[in-house]
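# Coordinate analysis (summary)
Chain by chain, the residues run as shown.
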Amino acid sequence: MDGKFPPFVRLIRHTWSHWLLWHFKVSLKTEPEVDLNAGPFILFSNHCGTYDPLIISSVLPVHIRWITGAYLFKTRFLRFLFEKLIGCIPKQQGQSDFDTVRKIMRCLKARDNVGIFPEGTRTWDGNMVPYNAKVLAKMLRMFKVPAVFCSLEGCFASQPRWADSHRKGMGICVHLTHMISLEEITTLSVSEIQQRISDYLDFSNDRWKSENPYRITSQHRAEGIQRMFYMCPVCHRIGSIVSAGNSVKCSTCGAKAQITETDDIKSENIEFTSMPQWHTWEASEMSSGICFKKEHGVLLQTGNSDDTGRLKTLSKNFTVKLQHRTLCIRYRRTVIVLPFKKITSFVINTKFTMEFFCGDVLYRMRLDRNLSPLKYQEYYFAFKAEKGEK
């Protein structure tokens, strides 16, 4: 393709993409050192929202083949749409995937540009999710192609991952900030490339808004934030946070906070003043000895590690409880017990759907809309860390 657009993508760019760019008020800023004609290249970007790859692809003058979650390829129609018509490359999130590496290599040899979100998931609090810059540096040395770095500015403010809806009035800037040239890829050491990746890809919404202040005038700024704030900073109760309008409250101890027009936290009895502070604290408090109360779920499915496999729906009305380092799922007269020591690759996809492996079985689990799936994922991370596993 040599960076040119496939027919279906060209059709989208002349139709739906116009609405997308207008709806999110998207603009493009390119620094002088970035040369999009020096392809094929790999584009790295921070990841804030579901529409990120579509927004970037709609505003750039070249085609990008994105690495996307394998869950999007579970039906024949979606697989045909994303892989054949758009050119996406499936990747099972949270797992190493040599087949994906081979597909990237074939794309680059065909002079197609490839897009990667190194975090592998969308941010919850506006700070980047930790990723392995060393792996990216080795990949660039192996592929011997330039790297372009993109910052999505204003994207988190436009619609935080936890929010119920898009916040009107905020614009998004696709900012192409840096580039590592082919010559630099071949002459720099892996550690030097790694350092540049870490420097060029670093993004924080709090840091960005300190230089680009914004105001969210919506009267629903806090709604949905309990999906991220799952632990009360005052009484430490899990699952007690509720939100309404611009307010956050603990249903157990009554601690209250307001989400301000600048996306800060204002409270008389909660010490945190920013979203990353609260989120970082609750994640640090998570340990394998913690138990979660029983919660209601609306979708339970199983599958396998093959991204072409069909999903089997077990129930749309079940309960899940985490205790004694085990997930206990109940529906009708069936009980499924999943020890965390056997769980791998725990990710959260669209519609707040949890996806993980227990042995060779893929489980997909979606809770009631107002509940937090994040606490289960961060329990998983804490459990693995205590076991000395990555």
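Residues numbered from 1 in each chain as written. Predicted model: local features only at pLDDT ≥ 70, side-chain atom pairs only at ≥ 80, totals over all residues. Heavy atoms only, no water.

## Thoughts on the pattern of salt bridges
Using the criterion set out here, one finds 13 salt bridges in the structure. We note a salt bridge from R369 to D164, for which the minimum N-O separation is 3.8 Å. Of the two residues, R369 sits in the loop between β19 (361-367) and α12 (374-386) while D164 sits in the loop between α7 (155-158) and β7 (172-180), which places them 205 residues apart along the sequence. Put simply, K209 and D264 hold a salt bridge, and the shortest N to O gap is 2.9 Å. Taken together, the positions of K209 in helix α10 (residues 205-211) and D264 in the loop between β10 (256-259) and β11 (265-266) put the pair 55 residues apart, joining distant regions of the chain. (Salt bridge = Lys/Arg side-chain N within 4 Å of Asp/Glu carboxyl O. Helix = DSSP H or I, 4+ residues; strand = E, 2+ residues; numbered from the N terminus.)

## Points about the side chain of R65
With respect to the helices and strands, the residue R65 is situated in strand β3 (residues 64-69). When its relative accessible area of 16% is taken as the criterion, R65 is described as buried. There is a polar contact of 2.7 Å between the side chain of R65 and the backbone oxygen of G87. Leave out the neighbours within four places in its chain, and R65 touches G87, C107, D112, N113, V114 and G115. (Buried < 20%, exposed > 50% of the residue type's maximum accessible area, 1.4 Å probe, protein only. Polar contact = N/O pair within 3.5 Å; in protein donor to acceptor, adjacent residues only side chain to side chain. Contact = heavy atoms within 4.5 Å.)

## Quick word on the packing of aromatic side chains
This structure, assessed with the given rule, holds 18 aromatic pairs. Arranged with centres 5.3 Å apart and planes meeting at 75 degrees, the rings of F149 and Y200 form a pair that is edge-to-face. Placement of F149 in strand β6 (residues 147-153) and of Y200 in helix α9 (residues 190-201) is noted, with a sequence separation of 51 residues between them. Y200 sits in the buried class, given a relative accessible area of 18%. Each ring, one from F340 and one from F383, has its centre 6.1 Å from the other, and the planes form 50 degrees; the classification is tilted. Pair noted here: F340 is in the loop between β16 (334-339) and β17 (343-348) and F383 is in helix α12, with a separation of 43 residues, a long-range link. For the residue pair F340 and F383, the accessibility class agrees, reading buried in each case. One aromatic cluster in this structure is built from F292, F340, Y376, Y379 and F383. One Lys or Arg, K375, reaches over the ring of F292 and ends 5.9 Å from the middle of that ring. (Phe/Tyr/Trp six-rings, centres within 6.5 Å; stacked < 30°, edge-to-face > 60°. Lys NZ or Arg CZ within 6 Å of the ring centre and 35° of its normal.)

## A closer look at the state of the cysteines
For the structure on display, the rule yields 0 disulfides. C107 provides the cysteine sulfur closest to C88, a residue in no disulfide bond, and the two sulfurs are 10 Å apart. Just so you know, C232 is unpaired, no disulfide at all, and the nearest cysteine sulfur is the one on C253, 3.6 Å from it. (Disulfide = S-S within 2.5 Å.)

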